[in-house]
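The chain contents come next:
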Amino acid sequence: MADFTTSTHRAKWIFTPQELKDKYKAANQRAKQALEKYGATRMEVDIDGSFSYAEPQSDAKDSAEKRPKPLKVEEEQLLRAFYEFKIQDVCDAFKFPRKIQATALIYFKRFYLQWSVMEHHPKNIMLTCIYAACKAEENHVSAEELGKGIEQDHHVILNNEMLVLQEFRGANDDDQHETLKRMLEAAKMEADKIMRTEAPLLFPPGQLALAALRRANVVHDILDFERYLRSILSRQQSTQTISELTVSLNTIDSLICKLEAPPTSKDVKHIDRKLKSCLDPGSHDKSKKRKHRSKESSTEVQDLS
């Protein structure tokens, strides 16, 4: 209980009965206003999570009699309850663990604190919530597999994924979000270092990325990295053990630690001269002759002065 008392769950996702009532009413009212303005409430959602209302229908403003009647708050509640039951049905059909079912229901409930069912059909959001819950609980199932299992277009699941996940950002502290961004930048910098070593010739790209992430995590300490590695190996059904993978990451680490500062032009000047001599042995003699002529010209100019 002590952890829950200080959690973001308690701070951002626990409400009073009146607060819940107000949120449902506000979402319903916004959808009603959209119906009056556009003649429809359905939103178009892009793959990146952006959305927009449909273009106003030509007769939407001219004929109030033809305009559809909006759902009442109570009707929305009944529809949400129906699809919450459907979430349980789908999870049972796929034999998902109970925690996936619970997570999907929480996602679904949280989503409709912000949106009306008139804006986003719960049938589509239900599927995306199940898909997102499978990811969160590390029980990977592809959108194609999920859609095929219930005879639905998997593109609907993917198109709504970013929209659904955007609504849960409030469950994380802003500080944590900033920390994640800083960790990403740190990982990119570590990846740049790795690319300057011989590691890209010794290890596959996935291990290079993991090494960069692990080094960044040492500073920001966000992930339980060993657990993260176990989940990756489990999902990929890899024959490699976590010990073997750790050895590879440690080797990449040691290569980074041996990196020296980038050589300067001054550092390579002598070597470059030797290289030119190897490529064209006569170039050294030609260079000497040019320098000699340059000195003679300089001496003549001085004598004339």
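Residues numbered from 1 in each chain as written. Predicted model: local features only at pLDDT ≥ 70, side-chain atom pairs only at ≥ 80, totals over all residues. Heavy atoms only, no water.

### Describing the overall build of the protein chain
When you go through the protein chain residue by residue, the secondary structure sums to 14 helices and two strands. When the 305 residues of the protein chain are sorted by exposure, 31% land in the buried category. Within the protein chain, contacts between residues at least 6 apart in sequence are counted, and of these 67% link residues at least 24 apart. As displayed, the protein chain has an accessible area near 20600 Å², and 53% of this comes from carbon and sulfur atoms. (Helix = DSSP H or I, 4+ residues; strand = E, 2+ residues; numbered from the N terminus. Buried < 20%, exposed > 50% of the residue type's maximum accessible area, 1.4 Å probe, protein only. Contact = heavy atoms within 4.5 Å. Areas by Shrake-Rupley, 256 points an atom, 1.4 Å probe, with all protein chains shown as cover.)

### Here we look at the packing of helix H4 (residues 73–93) against helix H6 (residues 122–136)
At a minimum axis distance of 10 Å, the contact between H4 and H6 shows a crossing angle of 40 degrees. When the interaxial angle is binned, H4 and H6 end up oblique. Our pair here, H4 against H6, has a crossing hand that is right-handed. Across from Leu79, Tyr83, Lys86, Ile87, Val90 and Cys91 in H4, the residues of H6 making contact are Pro122, Lys123, Met126 and Ile130. (Axes fitted to C-alpha atoms, helices over the stretch in contact; angles between N-to-C directions. Parallel < 35°, antiparallel > 145°, perpendicular 65-115°, else oblique. Left-handed = near helix turned anticlockwise from the far one by under 90°.)

### Details of the nonpolar core
Counting residues in each nonpolar core, the largest one holds 29 residues, and the members touching the most others are Ile87, Phe108, Met126 and Ile130. At the level of elements, H4, helix H5 (98–114), H6, helix H7 (143–149) and helix H8 (154–166) are the ones that each hand at least two residues to this core. Take this core: its biggest share by element is nine residues, from H6. Filtering out sequence-adjacent residues up to four positions away, methionine 126 remains in contact with Tyr83, Lys86, Ile87, Val90 and Phe108. Judged by nonpolar contacts, the second largest core, of 16 residues, contains Leu210, Leu229, Leu233 and Ile252. (Core = buried A, V, L, I, M, F, W, Y, C linked by side-chain atoms within 4.5 Å.)

### Some words on the packing of aromatic side chains
Using the criterion set out here, one finds five aromatic pairs in the structure. Ring geometry for phenylalanine 94 against phenylalanine 96: centres 5.2 Å apart, planes inclined by 10 degrees, an arrangement best described as stacked. By relative accessible area, phenylalanine 94 is classed as partly exposed at 22%. On the basis of relative accessibility, which here comes to 10%, the residue phenylalanine 96 falls in the buried class. (Phe/Tyr/Trp six-rings, centres within 6.5 Å; stacked < 30°, edge-to-face > 60°.)

### Observations regarding the pattern of salt bridges
Under the definition given, this model contains 12 salt bridges. For the salt bridge of lysine 135 with glutamate 161, the shortest nitrogen-to-oxygen distance reads 2.7 Å. Here the residue lysine 135 occupies a position in helix H6, and glutamate 161 occupies one in helix H8, the gap between them amounting to 26 residues. Among the ionic contacts, a cluster of salt bridges with common partners joins Glu190, Lys193, Arg214, Arg215 and Asp253. (Salt bridge = Lys/Arg side-chain N within 4 Å of Asp/Glu carboxyl O.)

### Here we look at helix H13 (residues 265–279)
In this model, H13 (15 residues) spans 19 Å end to end at C-alpha, consistent with the 21 Å of a helix rising 1.5 Å per residue. Remark: the principal bend of H13, roughly 30 degrees, maps to isoleucine 271. Within H13, only zero of the 15 residues are buried, leaving the element largely exposed. (Expected span 1.5 Å × (residues − 1). Bend = angle between axes of the 7 residues up to and from the residue.)

### A closer look at the packing of helix H3 (residues 17–38) against H5
Between H3 and H5, the least distance of the axes is 7 Å, while the angle of their chain directions is 60 degrees. The angle between the axes of H3 and H5 places the two elements in the oblique class. Within the contact between the two elements, H3 uses Leu20, Lys23, Tyr24, Ala27 and Arg30 and H5 uses Tyr112, Leu113 and Gln114. In terms of residue class, the contact of H3 with H5 is built from five nonpolar, one polar and two charged. (Nonpolar A, V, L, I, M, F, W, Y, C, P; charged D, E, K, R; others polar.)

### Section: the environment of lysine 23
Examined against the element boundaries, lysine 23 turns out to sit in helix H3. On the basis of relative accessible area, lysine 23 is assigned to the partly exposed category, the value being 27%. Distance in space between the C-alpha atoms of lysine 23 and tyrosine 112 is 8.9 Å, their sequence separation being 89 residues. Excluding its chain neighbours within four sequence positions, the residues that come into contact with lysine 23 are Phe15, Leu113 and Gln114.

### What about the confidence of the model for the protein chain?
Averaged over all residues, the pLDDT of the protein chain equals 81, while 77% of them reach at least 70. Averaged over each element, pLDDT in the protein chain is lowest for helix H1 (residues 2–5) (56) and highest for H4 (95). (pLDDT = per-residue confidence, 0-100.)

### Some words on the environment of arginine 182
Along the chain, arginine 182 turns up in helix H9 (residues 174–195). Arginine 182 sits 38 residues away from histidine 220 along the chain, and the two C-alpha atoms are 8.2 Å apart.

### Quick notes on unusual backbone geometry
One non-glycine residue, lysine 95, lies in positive phi territory at about 55 degrees. Looking at the secondary structure, you find lysine 95 in the loop between H4 and H5. Given a relative accessible area of 72%, lysine 95 falls into the exposed group.

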